[in-house]
Amino acid sequence: EVYLVESGGGLAQPGGSLRLSCAVSGFSVSTYDMNWVRQAPGKRLEWISYISGRSGAVWHAGSVEGRFTISRDNAKNSLYLQMNSLRVEDTAVYYCVRGHMADWGQGTLVTVSS
Amino acid sequence: DVVMTQSPLSLPVTLGQPASISCRSSQSLVHSDGKTYLFWFHQRPGQSPRRLIYEVSNRDSGVPDRFSGSGSGTDFTLKISRVETEDIGVYYCMQGSHWLWTFGQGTEVEIK
């Protein structure tokens, strides 16, 4: 069975950094495309980052380009999101998602506030 | 970016009655590989989204057959043949045919 478990969320100050982790089981992150999707309070879902399972190529939405970086560790079978230069508008629940959004983690809350 | 527009945004329904949600995209969702990457999700309060439908009309494993998806090009529909209590929550459409992938604004289904 497929499991995705996010961690690393919490309170950060504007301009600060956080690193989200997603531990997966039931499949290998090296063989599946993986994504980060976020949901700000009361807002629609927003896809923000993608990493190709086959090539490792990455793609980020313009709203986070240059500030967030998606990566993976095949040995640890984990996905990561390094978030720098955080803004108040980055406050959201962040989800780790497999492939074409077939499987989702439970999400981790990131709050950016002074 | 492709803009996904859902209607209605709020849908009061009667248990046992049908319901329908529309999703329109700002450009055709036919991918260069010939497939149409239009998905439907259901999110209950406090829970993660769950994918119900992929590639317009294919139900995911475990999804009841009262859910059906249809459409083509830029116009898509999710139908629930007979609404049950567990169906309340917010429904989102999403396109995966064009970078970046985008979601609709959501349709909240509630029981009358």
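Residues numbered from 1 in each chain as written. Chains lettered and ligands numbered in written order. Predicted model: local features only at pLDDT ≥ 70, side-chain atom pairs only at ≥ 80, totals over all residues. Heavy atoms only, no water.

> Just checking my understanding: could you explain the state of the cysteines for this structure?
Disulfide: a covalent bond formed between the sulfur atoms of two cysteine residues. Counted by the stated rule, this structure contains two disulfides over all chains. Here A:Cys22 engages in a disulfide with A:Cys96; their sulfurs sit 2.1 Å apart. Taking the sign of the S-S torsion, about -75° here, the bridge from A:Cys22 to A:Cys96 comes out left-handed. Here A:Cys96 lies in strand S9 (residues 92-98) and A:Cys22 lies in strand S3 (residues 18-25), a separation of 74 residues in the sequence. Like A:Cys22, the residue A:Cys96 is buried in the burial classification. Disulfide pairing places B:Cys23 opposite B:Cys93 at an S-S distance of 2.0 Å. On the S-S bond that ties B:Cys23 to B:Cys93, the torsion sits near 75°, and the link is right-handed. With a gap of 70 residues between them, B:Cys23 in strand S3 (residues 19-25) and B:Cys93 in strand S9 (residues 89-95) connect regions that are remote in the sequence. (Disulfide = S-S within 2.5 Å. Helix = DSSP H or I, 4+ residues; strand = E, 2+ residues; numbered from the N terminus. Buried < 20%, exposed > 50% of the residue type's maximum accessible area, 1.4 Å probe, protein only.)

> Help me understand the sheet that holds S3(A) in this model?
Picture the strands of a sheet paired through backbone hydrogen bonds; they go either parallel or antiparallel. Residue and element names in this part refer to chain A. What the four strands build is an open sheet, ordered S1-S3-S8-S7; its pairing is antiparallel. The open sheet has two free edges, formed respectively by strand S1 (3-7) and strand S7 (68-73), since each of these has just one partner strand. Averaged over all pairs of adjacent strands, the angle between their axes in this sheet comes to 15°, without regard to strand direction. Note that S3 and strand S8 (residues 78-83) share six bridges and pair antiparallel. The partner of Cys22 across the bridge, within S8, is Leu79. (Pairing = 2+ DSSP bridges. Axes fitted to C-alpha atoms, helices over the stretch in contact; angles between N-to-C directions.)

> I'm lost on the interface of chain A and chain B in this one. Help?
It is common to report an interface's size as the accessible area lost on association of the parts. The interface of chain A with chain B comprises 21 residues on the first partner and 18 residues on the second. Interface of chain A and chain B: buried area, both sides summed, is about 1600 Å²; carbon and sulfur atoms make up 67% of it. Inspection of the chain A/chain B interface yields zero salt bridges. Between the two partners, chain A and chain B, sit six residue pairs in polar contact (both at pLDDT 80 or more). Residues of the side of chain A that touches chain B, tallied by class, amount to 10 nonpolar, eight polar and three charged. (Contact = heavy atoms within 4.5 Å. Buried area = accessible area lost by both parts, 1.4 Å probe. Salt bridge = Lys/Arg side-chain N within 4 Å of Asp/Glu carboxyl O. Polar contact = N/O pair within 3.5 Å; in protein donor to acceptor, adjacent residues only side chain to side chain. Nonpolar A, V, L, I, M, F, W, Y, C, P; charged D, E, K, R; others polar.)

> I keep staring at the environment of A:Gly56 and nothing clicks. Help me out?
Residue and element names in this part refer to chain A. The residue Gly56 is located in the loop between strand S5 (45-51) and strand S6 (58-60) in this model. Residue class for Gly56 comes out partly exposed when judged on its relative accessible area of 26%. Along the backbone, Gly56 and Arg72 are 16 residues apart, and their C-alpha atoms lie at a distance of 8.6 Å. Setting aside residues no more than four positions away along its own chain, Gly56 makes contact with Ile51 and Arg72.

> Hey, could you run me through the pattern of salt bridges in this one?
What the rule picks out here adds up to nine salt bridges over all chains. Across the salt bridge formed by A:Arg67 and A:Asp90, the nearest N and O atoms sit 2.7 Å from each other. Highlighted residues: A:Arg67 in the loop between S6 and S7 and A:Asp90 in the loop between S8 and S9, separated in sequence by 23 residues. Between B:Arg66 and B:Glu86 there is a salt bridge, with its nearest N and O atoms 2.8 Å apart. Here B:Glu86 lies in the loop between strand S8 (75-80) and S9 and B:Arg66 lies in the loop between strand S6 (58-59) and strand S7 (67-72), a separation of 20 residues in the sequence. By relative accessible area, B:Glu86 is classed as partly exposed at 41%. Each of A:Arg38, A:Glu46, A:Arg67 and A:Asp90 takes part in salt bridges that share partners, so that together they form one network.

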